[in-house]
Amino acid sequence: MEKIIIWILLGFSLGFAETHLLLNPSLENDCLQCHQNQQIPSNLIYKRYLMQYSTEKAIEKAMFNYLTHPLISNSIMPPQFFLKFPMKEKSMVADEVLKVNIKAYIKHFDVKQYLRIQK
Amino acid sequence: MLNSEKRSLLRFLVIYLTSTLLLFTLASGIFFLFTKHHLLDTQRDTLRYESEIIKSKLRVLHQSNTIPLLYPKHDMIDSMIFDKDKHYIFGTLAKTSWEESQSHPNRLYYMAKVEPYYLGAGYVLTSQMIDYDVITDLKKNIFLFMLGAGIFFSILAYYLGHLFIAPMRDSIKQMNHFIQDTTHELNTPISTILTNIELIETFGKHEANHLELKRIEIASKTLSRIYDDLTYLNLNHQYHRNIITLNMSTFVEERILYFTGMIEAKNLTIRTDIEENIIRQIDKNDAMRLVDNLISNAIKYNKHHGVLEITLTKMSLIVKDTGIGIDEKDLAVILHRFKRANKSEGGFGIGLDIVNQVIQSYGYILKIKSKIDKGTEVEIKWKK
């Protein structure tokens, strides 16, 4: 019985590590923490970028542009989105760190990792 | 059927069938290419349809929040998605470059643009193995059609050919009948003339008109030989040969003696080199036709005061003259019936045709060497 409880606890902790520990700490602190607090749908935002720009390079460029110049016209989201969610303040993070965070963000939400061939 | 008829029919068949075959091959080739493209387009339409299905499923997947995202799979058709810069995203085939993904020669490909870029896909590439069975069936059907058409047109050409040469055959028949009747009518007067000349010579009543009588004798012998040749030609291959052991040496000397009158009339110098006791198994009339035609031609086409050489060996009979010669371009056709290289002398052009027929019957070999204004040498080799 003890062994079973240990295995269950170990499984839970590994599962938690998979979803959280693999995240870039900088991305977690600089971006996602705030997104989660404000319930901003990061996954949805990424999909809009993907549908609009297709390639990683183009998405990185567009995100960087928005984060350094946060305007409605630079945003991938429609104007109505900002009626519900506040406009982001200009990022104070250094450009290099910001670029690393963007790459980590894209990697985290990349749909390729979830694609499987239908059987 | 005569040789000339066979030749004409054969030529017609070759020209008609070759041109028909070329035409049908060309038409079948065009039809094959057109139909093959149509069949491939049909298969490509399947790919286009499948790519539309994939595009709609990509839209559903893009909007889905479930994990994993199940990429659609088809049993026969493979598909891949690429981003707008043509980098591989995902697919039923292993990761590959844009160029390599379309390089298999036995596969068909169809590329469709995706817009907006669901799951980041700018392009959907669908691909399947080319279905060669339908193309093989097409080839088989075209082959059967060509075979059927070939048989039909061969039969048609054969009947058409016979139809076309019918007038020629009738003309030849009429000419043969005419020659047959003429030769029949010539026989009696020629025989009478020759018999009476012999009688005059026998009883010595010809001293006063010796020269004139000689001329009549030569003319009559010429007529007699023409008669023999025409009779032989009329009988064609129905001629019955009586093969005997013939001493050719004696025989050739006898025939030279027979032509003495003609040789003297043209003031020819005759040189003979006849080996003794050359024996051949041959019909006497065939031997006569052979030797007489060669000597007669050598006299007829020789120059006045020319030389006539006759050589007989175990290997061959050679008759050589110093006459007008035969042009090189005529040598190939000189053996054809009614063909005369030079029309300055009389004759029907049947002499060498008869010689050729006789040597073919016995398996001999005929060789003719000639130079214009130098003379002609005809050689008959007894054995191959």
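Keep in mind the model is a prediction, meaning the values are calculated, not measured. (Residues numbered from 1 in each chain as written. Chains lettered and ligands numbered in written order. Predicted model: local features only at pLDDT ≥ 70, side-chain atom pairs only at ≥ 80, totals over all residues. Heavy atoms only, no water.)

**Points about a nonpolar patch on the surface**
All names here are of chain B. How we decide: Exposure above 30% relative accessible area and the absence of a salt bridge qualify a residue for a patch, where like charges join within 9 Å and nonpolar side chains (Val, Leu, Ile, Met, Phe, Trp, Tyr) within 5 Å. Computed with the Shrake-Rupley method and a 1.4 Å probe, the accessible areas treat only the protein chains shown as cover for residues. When a carboxyl oxygen of Asp or Glu is within 4 Å of a side-chain nitrogen of Lys or Arg, the pair counts as a salt bridge. Under the DSSP-based scheme used, a helix requires at least four consecutive residues in state H or I and a strand at least two consecutive residues in state E, with every element numbered from the N terminus. Each residue's exposure class comes from its accessible area (1.4 Å probe, protein chains only) as a fraction of the maximum for that residue type: buried when under 20%, exposed when over 50%, partly exposed otherwise.
Side chains of Phe-143, Leu-144, Leu-147, Ile-151, Ile-155, Tyr-158 and Tyr-159 sit close together on the surface and give an oily, nonpolar patch of about 760 Å² of accessible area. Position of Tyr-159 among the secondary structure elements: in helix α2 (residues 132–202). Judged by its relative accessible area of 57%, Tyr-159 is exposed.

**Focus on the sheet that holds strand β7 (residues 269–274) of chain B**
All names here are of chain B. To be explicit about the condition: The pairing criterion for strands is at least two bridges between them, as found by DSSP. The angle between two axes is taken between their N-to-C directions and runs from 0 to 180 degrees, where each axis is a line fitted to C-alpha atoms and a helix contributes only its stretch in contact. Here a residue-residue contact requires only that any non-hydrogen atoms of the pair lie within 4.5 Å.
Strand order in this open sheet of five strands is β7-β9-β10-β12-β11, and the pairing throughout is mixed. Edge strands, defined here as strands with exactly one partner in the open sheet, are β7 and β11 (365–371). Here the average twist between neighbouring strands, direction ignored, is 10°. Pairing geometry for strand β9 (residues 307–312) and strand β10 (residues 316–321), over five bridges, is antiparallel. When the sheet's bridge partners are listed, Leu-308 is paired in β10 with Asp-321. Its contacts with the sheet put helix α6 (residues 284–300) on β9, β10 and β12 (375–381), and the angle it makes with β10 is roughly 20°.

**Describing the interface of chain B and chain A**
Selection criterion: The quantity reported as buried area is the accessible area (1.4 Å probe) lost by two parts once they are put together, taken as the sum for both. In protein, a polar contact means a hydrogen-donor-capable atom and an acceptor-capable atom, both N or O and within 3.5 Å, with residues adjacent in sequence counting only if both atoms are side-chain atoms; elsewhere, any N or O pair within 3.5 Å suffices. Gly is placed with the polar residues, together with every amino acid not listed as nonpolar (Ala, Val, Leu, Ile, Met, Phe, Trp, Tyr, Cys and Pro) or charged (Asp, Glu, Lys and Arg).
Each partner contributes to the interface: chain B provides 27 residues, whereas chain A provides 15 residues. Across the chain B/chain A interface, buried area totals approximately 1800 Å², and carbon plus sulfur atoms make up 67% of it. Of all residues in chain B, B:His62, B:Leu69 and B:Phe90 give up the largest surface area on contact with chain A, accounting jointly for 27% of the area buried on that side. At the boundary of chain B and chain A, one finds nine residue pairs in polar contact (both at pLDDT 80 or more). Looking at the side of chain B that touches chain A, the elements that each hand over two or more residues are α1 (3–63), β1 (69–71) and β3 (88–91) of chain B. Here the element with the most residues in the side of chain B that touches chain A is β3(B); it accounts for four residues. In terms of residue class, the side of chain B that touches chain A is made up of 15 nonpolar, eight polar and four charged. The pairing of strand β1 (residues 115–117) of chain A with β1(B) spans three bridges and is classified as parallel. Paired with A:Arg116 across the two strands is B:Leu70, which belongs to β1(B).

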